[in-house]
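Okay, here's what each chain looks like letter by letter:
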Amino acid sequence: MKRCWIILVFCLCVSGLGAQTTRKIRELEQQRKELRQQISESETLLQSTEKDVKSQLDNLVLLTGQIDERKKYIAMIEHDVQAIQLEVDRLGVELKRLQADLKDKQKKYEESVKYMYRNKSVQEKLMFIFSADNLGQMYRRLRYVREYADYQRLQGLQLQRKQKQVIDKKATLVASRQAKEDLLKQGEEEKLKLEKQEGEKKTLLTALQKKQRSIQAEINRKRRSADKLNAQIDRLIEQEIEAARKRAEAEKKRKAEEARRKVAADAARKKAETGEKAGETTAASTGKEKSEQMDIYKVDSDERRLSGSFERNKGALPVPITGPYVVVGHYGQYQVMKNVRLDNKGMDIKGKPGAYARAVFDGEVSAVFQYNGLTNVLVRHGSYISVYCNLSSVRVKKGSLVRTRDIIGEVSTDKSGNAVLHFQLRKETVKLNPEQWIRL
């Protein structure tokens, strides 16, 4: 009976490994599917056919973003091919082991069948049992005959299960190899598309190089506009931090006053009950109160809990725009083309006309302000602040509470059909790279 249980558990483990292989391949496929869908949707974003410098620069950053996405997809395919190859190798080793086990069990089963054939008659079994010297030996021989019959049946079952395991493992191995072949073919197709896009980018860069002076003028215009916007954002964030500090101080004073009153009331009650003086107790509590008031917090306890939760979601925050998108402006300093560098305090995300900005996390709207005829929104998440710029309209106001993925407002679409959300992320006054926090 114990042997049956051991064999059953082993069979379940082996079948579980096969299911695990299939599940792993499905998970890899699902991850690729999501990115492939994002690439497909991003290719539907309009590219302006205008030949002016602004439109061509917009097309350049859009094309660069799409190339970055395709490179990321190809890298994912190459990683998955390696993962599947490791799985194929492991399956091959397991298949050889199972085939060796099957051969061994076939040999043992053949031997047991031959033995039973030689001693197949009932008379021979009875003679073997009744020829015992005593009753104890007879019982042991009877038990042996029964156990050997059970053992033979068990050997037959083991052989059947092992044959099925070999067949299943072969099928899983074939499927894994086919998945790898399909993936390699898909990778080659994506590389051809990448070469085409890089050719388009090269052509566009060649055309833009001839307009260096106009390009520099357009970049300078964008830089001046961005500097003014960032200065306004910095000022509002400083105001928000100061307001949060004052709220925290007021809350601390309120709690300290409550504690002082409680101590005084306890002392008075104790004096009334025992007749002892409460001077020493009051003095001690006053010293403790002064010590507590020396600590200054920028945010209160609820906000600290919220910011802690925000931190735990680093790398998993949703993209702050609805629908298909392409990252057309990265955080920090980077080179767009020769002699043209940009310094971005956040990231720029292009969506379809009519796309909406959405909150990346639960929070409270701390500011709504206008700049160059467009609306911008700041949302506070404890000590973190997310910034949504270039909105044509908004659905929130200062003090509004928002939840993750709540709509903030509609992203403005310019005359060339570009709907670009400028998104920033701060921790108090420190500028953060949003791409490290968002699940792109």
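Quick caveat, the model's predicted, so the values are computed rather than measured.

Chemist: Can you walk me through the pairing of strand β11 (residues 419–427) in this structure?
Modeler: The side chains of a regular strand alternate between both faces of the sheet. Most of β11 is tucked away: seven of the nine residues are buried. Here strand β4 (residues 347–351) pairs with β11 via five bridges, running antiparallel. The residue bridging D348 from the neighbouring strand is H422, located in β11. Taken together, the six bridges between strand β8 (residues 384–394) and β11 define a ladder with antiparallel strand orientation. When the sheet's bridge partners are listed, S386 is paired in β11 with L425. Here β11 pairs with strand β12 (residues 430–432) via three bridges, running antiparallel. Bridge assignment links R426 to a residue of β12, and that residue is K431.

Chemist: Looking at this structure, how should I read the environment of H330?
Modeler: Structurally, H330 can be placed in the loop between β1 (325–329) and β2 (332–337). Each C-alpha atom, one on H330 and one on N433, is 8.7 Å from the other, the two residues being 103 residues apart in sequence. Look past the residues within four positions of H330 in its chain and what remains in contact with it is D68, N344, G346 and E435. Of the polar contacts made by the side chain of H330, one reaches the side chain of E435; its length is 3.0 Å.

Chemist: Got a minute to help me understand the pattern of salt bridges in this structure?
Modeler: Opposite charge on two side chains permits them to pair, given that their charged atoms come into close proximity. Using the criterion set out here, one finds 25 salt bridges in the structure. Where K193 meets E190, a salt bridge forms, and the shortest distance between an N and an O atom there is 3.8 Å. Linking K193 with E190, this pair stays in helix α4 (residues 135–209), spanning three residues, or about one helical turn. For K193, a relative accessible area of 42% puts it in the partly exposed group. Look at E190 and you get buried, because its relative accessible area is 5%. Across the salt bridge formed by E258 and R254, the nearest N and O atoms sit 2.6 Å from each other.

About the thresholds
- Residues numbered from 1 in each chain as written.
- Predicted model: local features only at pLDDT ≥ 70, side-chain atom pairs only at ≥ 80, totals over all residues.
- Heavy atoms only, no water.
- Buried < 20%, exposed > 50% of the residue type's maximum accessible area, 1.4 Å probe, protein only.
- Helix = DSSP H or I, 4+ residues; strand = E, 2+ residues; numbered from the N terminus.
- Pairing = 2+ DSSP bridges.
- Contact = heavy atoms within 4.5 Å.
- Polar contact = N/O pair within 3.5 Å; in protein donor to acceptor, adjacent residues only side chain to side chain.
- Salt bridge = Lys/Arg side-chain N within 4 Å of Asp/Glu carboxyl O.

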